[in-house]
Amino acid sequence: EVPVGLDPEGIAIDTARRRAFVACSRSDFVSVVDLDTHEVVTEIATGAEPIDIGFDSATDRVFSADAHADQVTIIDAETLAVETVVPVGGYPSGLTHVPETRRLYVGNSLGSSMSVIDLDTLETVTTVDAEPGAGAIGVDPTRNLAVCVNFVAASANFFDTDTFEELGRLEL
């Protein structure tokens, strides 16, 4: 058993360094776990309630969706230091990074929206309206398509990832 923070809700793995990053929502930090020793290496403070997390080996960054802070904390995976914080819509709860386009897609549950962060500039490119409960996002970069699933509205919104125009909506 590895003693991470309270309410671990998301995990991302850095296979090269053999580390796990665990989003601990009630502790407001990310626990970094050494996968060989099963010990916590450090705890990285984030915004309030980190509930989803991702790792991108191409940029060597960890992304934490900090739900109650309405932001994404971006962490340098080598130094384990917070690189920057990017404001997004209300209650970010889902992250999907796309290495091919160097973008991070964020589902904002209470904001009923989807934000897109450019991983080169670390700035929000756009935030588009979705439906209540926007969360999980799937992206097909070959078709320039993003799908945002909305758990409250029981629907999915389809977006063009070049223009961010809504292409359609599906009741689930």
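Up top is the structure these notes are about.
Report follows, based on the coordinates. (Residues numbered from 1 in each chain as written. Predicted model: local features only at pLDDT ≥ 70, side-chain atom pairs only at ≥ 80, totals over all residues. Heavy atoms only, no water.)

**Looking at the overall build of the protein**
Check the secondary structure of the protein and you find zero helices and 16 strands. In terms of C-alpha radius of gyration, the protein reaches 16 Å, essentially the compact-globule figure of 16 Å for 172 residues. Each principal axis of the C-alpha atoms in the protein carries an extent, and together these give about 50 × 30 × 25 Å. Every one of the 172 residues in the protein was classed for burial, and the buried ones make up 50%. When contacts within the protein are restricted to residue pairs at least 6 apart in sequence, long-range pairs at least 24 apart make up 30% of them. Put simply, the protein shows about 7,900 Å² of open surface, and 48% of that area lies on carbon and sulfur atoms. With 9 positive and 30 negative side-chain charges, the protein shows a spacing of 4 Å between the two charge centroids. (Helix = DSSP H or I, 4+ residues; strand = E, 2+ residues; numbered from the N terminus. Rg over C-alpha atoms; globule rule 2.2 N^0.38 Å. Buried < 20%, exposed > 50% of the residue type's maximum accessible area, 1.4 Å probe, protein only. Contact = heavy atoms within 4.5 Å. Areas by Shrake-Rupley, 256 points an atom, 1.4 Å probe, with all protein chains shown as cover. Lys, Arg positive; Asp, Glu negative; His and termini not counted. Charge placed at Lys NZ, Arg CZ, Asp CG, Glu CD.)

**Quick notes on the side chain of Thr59**
With respect to the helices, strands and loops of the structure, Thr59 is situated in the loop between β5 (50-56) and β6 (61-66). The contacts of Thr59, once residues within four sequence positions are left out, are Arg102 and Leu119.

**Some words on the pairing of strand β11 (residues 113-118)**
A large share of β11 lies buried, amounting to five of its six residues. Summarising the sheet, strand β10 (residues 103-108) and β11 pair through six bridges and their orientation is antiparallel. Looking across to β11, one finds that Arg103 is bridged to Asp118. The antiparallel pairing of β10 with β11 creates a hairpin that spans four residues between the two strands, and Ser112 there sits at a positive phi of about 45°. Between β11 and strand β12 (residues 123-129), which pair antiparallel and follow one another directly, the connecting turn spans four residues, one of which, Leu122, has a positive phi of 60°. (Pairing = 2+ DSSP bridges.)

**With respect to the pairing of strand β1 (residues 8-14)**
Of the pairings in the sheet, the one linking β1 to strand β2 (residues 19-24) comprises six bridges and is antiparallel in character. Residue pairing across strands places Pro8 opposite Cys24, the latter belonging to β2. Where β1 folds back on β2, the antiparallel hairpin that results is connected by four residues, among which Arg18 adopts a positive phi of roughly 55°.

**A short note on the pattern of salt bridges**
Considering all chains together, one arrives at nine salt bridges under this definition. The residue Arg61 makes a salt bridge to Glu83 at a minimum N-O spacing of 3.0 Å. With Arg61 in strand β6 and Glu83 in strand β8 (residues 82-87), this pair connects stretches of sequence that are 22 residues apart. The class for Arg61 is buried, based on a relative accessible area of 12%. Here Glu171 makes a salt bridge to Arg169, at a shortest N to O gap of 2.5 Å. For Glu171, a relative accessible area of 54% corresponds to the exposed category. Classification of Arg169 by relative accessible area gives partly exposed; the value is 38%. (Salt bridge = Lys/Arg side-chain N within 4 Å of Asp/Glu carboxyl O.)

**Details of the side chain of Ser109**
Following the sequence through the fold, Ser109 ends up in the loop between β10 and β11. Residue Ser109 is classed as buried on the basis of its relative accessible area, which comes to 6%. Among the polar contacts made by the side chain of Ser109, one reaches the side chain of Ser93 at a distance of 2.5 Å. A polar contact of 2.9 Å, which involves the side chain of Ser109, links it to the backbone oxygen of Ala134. In this structure, Ser109 is in contact with Gly90, Tyr91, Ser93, Pro132, Gly133, Ala134 and Phe151, ignoring residues within four places of it in sequence. (Polar contact = N/O pair within 3.5 Å; in protein donor to acceptor, adjacent residues only side chain to side chain.)

Note that all results are geometric; they support no functional claim without further evidence.
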